[in-house]
Amino acid sequence: MNNKIKKILYVRFPCWKIYPGGVIYVIDYIHKQHPGITQELLDLALIPPAQRKQVLKQRIQSVKPDLVAFSWRNMQSFGPHPEDDALDVVMQYDYSPSLWRRFKAAIDAVSIIYEYTASRFRNFAYIKLARRLLPESKIVVGGTAVSIFGKYVVKHCPVDTVVAVGEGEPTMLSIVNGESPTVGECYYKDKNGDISYLNRTENFDLKTLTAVNFEYIESIFPEIHEYTNDYIGVHTKRGCPYQCHFCLYNQIEGHEQRYRDPIEIVDEIEALNSRYGVNKVWFTDAQFCSTRRSTHHVEEILDEIIRRQLKIKWTGYLRLNYMTTELAKKMLDSGLASLDLSFTGTQDVINSLTLGYKLEQQMRAFQMFKDAGYTDQKVKLYIPLNAPGETHFTLKETIHRINDLYTMFGRENVLPFIFFIGIQPGTPVEKLLIKQGYLNKNYNPLTFNPFIIKRLLYNPKPLGGIIARSYLQAAASLDKDSEYIGRATMDLIEQELNDKLVVLPTQPLASHPQ
Ligand code: B12
Ligand code: SF4
């Protein structure tokens, strides 16, 4: 072991309040390998913005860590859905019939972009502050934002900083052990400011990721209580072998699926439940239930939750490829809170986005939940509306299928999420849109230019106008207590498509799956 590392200070960068599961797994793992090392976690998401810099400074000065490890979750944070203000602003700016609202949208956009820009520069300033106060200490930066934009991040870091791409446990361990090169994919900015890229691949065995020791975590992070009333993220596996055109989760986590031990996973849930009364769990896998093998793994986890009679509600991203009525029953019996899944109503769009399943199979799987004793769990449909390949016909078909789901589950339980494709770097859809000239081939995915950001929330003409007008009309007249914006919007889109009997030019299809 490298004897120099005796104290580590982890700093979680501010983001919307969400349990810092990723960095907690890293901390727990390092503690289990080296219990003698002192670790602390400062979660800047819990500190009022005006005090963050000062609190960080004080903590660095009081702990005097040999290693400061920053965890960065979100960077390109605009969400192409109604829970994010950016979507509303874009819709108003492009399509509102009121000049005043368009003007107001432009003003709102300035403040959103300002906050977006400032939060990124503030994070870099925190890293630089650590370097100034601790010229000899090691600095590491990791987290999902870094996993996507590592090359960009390292350029803006101070000297002698490691930027760790991907899962953090093996990389941190190798840094703590003083190994060179470090394990995993890393960028390193050396003392002269030169940047090198290191990739020492060693398969991290997820079986070694045992249940988090919350007694230890609470001893160094008493603020954990601030999160225990809401969903807590629990990880069951990493990796996704699918290649959906808009998604980069498989790049972040790798294509190969690796699994944690189901007993350890349920020990972790049980500890959360008995220690803190946590009763809401989000399985934070890229896909909780996807391949045949992962379906068996899921089944083992659910069996164990049922056997221990844990009173929890759970959710996570699901695919229904290998669903059986028996598995649906186990999901319901173990506390399924909602079905969260990608949904579109034609096989053509499913194929063009290479989602890798059959629509009819998905519809049969829904029926299995009904047959298995479904009561009032929410069905949340993440619809890639107006994605490449969408036509007025496919959109109408999607609406018909949603209507079928209203009949099956009750209208009030089905939540069609107005969700566009957010174009992500390195994805097939990005390549397609560059090829089609929609995006410039040298565009910057981290741009602060509002007009390019707007293009990244992909909702092109001609359907874009119909969807946006319907959304704005639904938002303006909505009684939030009795109706959900997604349902109201889909109804209005259906009306507009029917009324006009429009035959719109189609967008070119993305390439078909292999
Ligand atoms: C599940 C999930 C959600 C769930 C979270 C549910 C919950 N209660 O936890 C929901 C749906 C709520 C959600 C929402 C959002 N999400 Co999200 N989400 C994910 C997802 C799929 C998994 C994240 C996760 O928890 N992983 C499990 C934990 C264990 O892993 P981890 O956090 O990555 O940590 C590991 C490494 O990153 C690393 N690491 C972490 N910290 C550190 C520190 C150091 C020093 C080191 C060395 C390593 C290290 O080691 C950890 C363990 O291996 C990722 C995509 C993905 N596949 O990663 C997107 C992702 C994190 N989300 C993203 C975004 C943008 C959002 C939203 C902002 C979207 C929006 N506008 O609505 C919101 C914001 C939420 C918030 N409050 O901040 C982006 C973030 C990157 C970016 N593009 O900027 C991602 C990567 C997806 C994407 N499209 O690019 N999300
Ligand atoms: S959308 Fe889901 S199934 Fe498709 S590649 Fe991404 S994580 Fe995998």
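It should be noted that the structure appears before, not after, this text.
**Regarding a nonpolar patch on the surface**
Next, step 1: On the surface, a cluster of nonpolar side chains totalling about 370 Å² of accessible area is made up of Trp-100, Phe-103 and Ile-107.
Next, step 2: Note that Trp-100 resides in helix α4 (residues 99–133).

**Section: the pattern of salt bridges**
Next, step 1: On inspection of all chains with the given rule, the structure shows 28 salt bridges.
Next, step 2: Here Glu-179 and Arg-200 are joined by a salt bridge, their closest N and O atoms 2.8 Å apart. With a gap of 21 residues between them, Glu-179 in the loop between α6 (169–176) and β6 (184–189) and Arg-200 in strand β7 (residues 195–200) connect regions that are remote in the sequence.
Next, step 3: You can call Glu-179 partly exposed: its relative accessible area is 30%.

**Observations regarding the sheet that holds strand β14 (residues 378–384)**
Next, step 1: The strand order across the open sheet formed by three strands is β13-β14-β15, and the pairing between neighbours is parallel. Looking at the sheet topology across the chains shown, the edges are occupied by β13 (338–342) and β15 (414–419). Across the sheet, the mean angle separating the axes of adjacent strands is 20° when strand polarity is ignored.
Next, step 2: Sitting on the sheet, helix α13 (residues 359–371) touches β13 and β14, and the angle it makes with β13 is about 180°.

**Remarks on the site of ligand 1**
Next, step 1: Among the 40 residues in the neighbourhood of ligand 1, the closest are listed as Ser-71, Met-75, Gln-76, His-81 and Glu-253.
Next, step 2: The backbone of Gln-76 places a nitrogen or oxygen atom 2.7 Å from an oxygen atom of ligand 1.
Next, step 3: Between ligand 1 and Asp-84 there is a distance of 3.1 Å, counted from a nitrogen atom to a side-chain nitrogen or oxygen.
Next, step 4: Elements supplying a minimum of two residues to the shell around ligand 1: α1 (21–33), β3 (67–71), β4 (138–142), α5 (144–155), α6 and α8 (249–253).

**Considering the site of ligand 2**
Next, step 1: Neighbouring residues of ligand 2: Cys-240, Tyr-242, Cys-244, Cys-247, Tyr-249, Asn-250, Ala-286, Gln-287 and Arg-319.
Next, step 2: Its residues assigned to classes, the shell around ligand 2 shows six nonpolar, two polar and one charged.

**Considerations on the environment of Leu-332**
Next, step 1: Considering the arrangement of structural elements, one finds Leu-332 in helix α11 (residues 325–334).
Next, step 2: With relative accessibility at 12%, the residue Leu-332 sits in the buried group.
Next, step 3: Note: C-alpha distance between Leu-332 and Gly-373 (41 residues apart in sequence) is 7.6 Å.
Next, step 4: With near-sequence residues (within four places) excluded, Leu-332 lies in contact with Phe-369, Ala-372, Gly-373, Tyr-374 and Gln-377.

**Quick look at unusual backbone geometry**
Next, step 1: The step from Ser-180 to Pro-181 runs through a cis peptide bond, and the omega angle for that step is 0°.
Next, step 2: For Pro-181, the location among the structural elements is in the loop between α6 and β6.
Next, step 3: Residue Pro-462 is reached from Lys-461 by a cis peptide bond, and omega for that bond is 0°.
Next, step 4: Note on placement: Pro-462 falls in the loop between β17 (457–458) and α17 (463–477).
Next, step 5: Even without being a glycine, Asp-160 presents a positive backbone phi close to 60°.

**Quick word on the sheet that holds strand β11 (residues 280–283)**
Next, step 1: Overall, parallel pairing links the three strands, which are arranged β8-β11-β12 in an open sheet. Edge strands, defined here as strands with exactly one partner in the open sheet, are β8 (232–234) and β12 (313–316). Pairwise comparison of adjacent strand axes, ignoring direction, gives a mean angle of 30° for this sheet.
Next, step 2: Alignment of β11 against β12, held across four bridges, turns out to be parallel. Considered in β12, the bridge of Trp-282 is made with Thr-315.

Calculation notes
- Residues numbered from 1 in each chain as written.
- Chains lettered and ligands numbered in written order.
- Predicted model: local features only at pLDDT ≥ 70, side-chain atom pairs only at ≥ 80, totals over all residues.
- Heavy atoms only, no water.
- Patch = residues over 30% accessible without salt bridge, like charges linked within 9 Å, V, L, I, M, F, W, Y side chains within 5 Å.
- Areas by Shrake-Rupley, 256 points an atom, 1.4 Å probe, with all protein chains shown as cover.
- Salt bridge = Lys/Arg side-chain N within 4 Å of Asp/Glu carboxyl O.
- Helix = DSSP H or I, 4+ residues; strand = E, 2+ residues; numbered from the N terminus.
- Buried < 20%, exposed > 50% of the residue type's maximum accessible area, 1.4 Å probe, protein only.
- Pairing = 2+ DSSP bridges.
- Axes fitted to C-alpha atoms, helices over the stretch in contact; angles between N-to-C directions.
- Contact = heavy atoms within 4.5 Å.
- Near = heavy atom within 4 Å.
- Polar contact = N/O pair within 3.5 Å; in protein donor to acceptor, adjacent residues only side chain to side chain.
- Nonpolar A, V, L, I, M, F, W, Y, C, P; charged D, E, K, R; others polar.

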